[in-house]
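The primary structure of each chain is shown beneath.
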Amino acid sequence: RWELPAVPLLARRRRVERQRGLSRVQRRANVRDAFSAATAPPAVALVDDVYTTGATVAAAAVALRRAGARSVHAVTFARAVRR
C-alpha cells in the first residue's frame, strides 16, 4: 500500500526453544544472540506477528543495530496480554 521496500535483513544464528510457557527472563535468555544481520539501512521497520514480552523484538533490534541501523521501529499484528 505504501510502496515501501520489504527486504529480509535478519538470519537465525541458532535454533531457539519455543517461547511459550517461558518467563520474561527465560525468554530474553532464549533469544539472546539468536539473530544476525549483515547490513541494515539507517532506519528499519521490524515486523513481528505477536508481541508478548518484547524479547524477540529486542534481540532482533540488537542485531539490526549492530549491522548499522540507527533506529528500529517495531510493528506487530497482535499483543498478548498476560493476566
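Whatever comes next refers back to the structure up there.
In what follows, the accompanying structure is described. (Residues numbered from 1 in each chain as written. Predicted model: local features only at pLDDT ≥ 70, side-chain atom pairs only at ≥ 80, totals over all residues. Heavy atoms only, no water.)

### Topic: a nonpolar patch on the surface
On the surface, Val47, Val75 and Phe77 cluster together into a nonpolar patch covering about 320 Å² of accessible area. As for its position among the elements, Val47 is in strand S3 (residues 43–51). (Patch = residues over 30% accessible without salt bridge, like charges linked within 9 Å, V, L, I, M, F, W, Y side chains within 5 Å. Areas by Shrake-Rupley, 256 points an atom, 1.4 Å probe, with all protein chains shown as cover. Salt bridge = Lys/Arg side-chain N within 4 Å of Asp/Glu carboxyl O. Helix = DSSP H or I, 4+ residues; strand = E, 2+ residues; numbered from the N terminus.)

### Here's the deal with the pairing of strand S4 (residues 71–79)
Relative to S4, S3 runs parallel, the two being bridged by 8 bridges. Looking across to S4, one finds that Ala45 is bridged to His73. As for the winding sense of the linkage, the β-α-β connection from S3 through helix H2 (residues 55–66) to S4 is right-handed. (Pairing = 2+ DSSP bridges. Right-handed = clockwise from strand over helix to strand, strands pointing away.)

### Things to note about the nonpolar core
Membership of the largest hydrophobic core comes to 17 residues, with the highest contact counts inside it found for Phe35, Ala40, Leu46, Leu64, Ala69 and Val72. Elements with a contribution of two residues or more to this core: S3 and H2. When residues of this core are assigned to their parent elements, the largest contribution, 7 residues, is made by H2. If we skip the residues at most four places from it in the chain, Phe35 touches Leu10, Ala11, Arg12, Arg13, Thr56, Ala59, Ala60 and Ala63. (Core = buried A, V, L, I, M, F, W, Y, C linked by side-chain atoms within 4.5 Å. Buried < 20%, exposed > 50% of the residue type's maximum accessible area, 1.4 Å probe, protein only. Contact = heavy atoms within 4.5 Å.)

### Remarks on the packing of helix H1 (residues 24–31) against H2
For any two helices packed against each other, one specifies the crossing angle of their axes together with the interaxial distance. The contact between H1 and H2 brings their axes to 9 Å, and the two run at 30 degrees. Here H1 and H2 pass one another in a crossing that is right-handed. In contact with Arg27, Arg28 and Val31 of H1, H2 contributes Ala55, Thr56 and Ala59. Partitioning the contact of H1 with H2 into residue classes produces 3 nonpolar, 1 polar and 2 charged. (Axes fitted to C-alpha atoms, helices over the stretch in contact; angles between N-to-C directions. Left-handed = near helix turned anticlockwise from the far one by under 90°. Nonpolar A, V, L, I, M, F, W, Y, C, P; charged D, E, K, R; others polar.)

### Quick notes on the layout of surface pockets
Counted as a void, the largest pocket has a volume near 550 Å³. The wall of the largest pocket is formed by 17 residues, among which Pro5, Ala6, Val7, Ala45 and Val47 lie closest to the centre. Looking at the lining of the largest pocket residue by residue, the classes come out as 16 nonpolar, no polar and 1 charged. There is about 270 Å³ of room inside the second largest pocket. Lining the second largest pocket are 18 residues, with Gln19, Arg27, Asp48, Val50 and Thr56 positioned closest to its centre. Contributing elements (two or more residues each) for the lining of the second largest pocket: H1, S3 and H2. Broken down by element, the lining of the second largest pocket gets its largest block of residues, 4 residues, from S3. Along the lines of polarity and charge, the residues of the lining of the second largest pocket split into 7 nonpolar, 5 polar and 6 charged. (1 Å grid on protein atoms, 1.4 Å probe; cavity = no way out; pocket = protein on both sides within 12 Å on 5 of 7 lines; lining within 4 Å. Points joined across faces, edges and corners; volume = space filled by probe spheres on them.)

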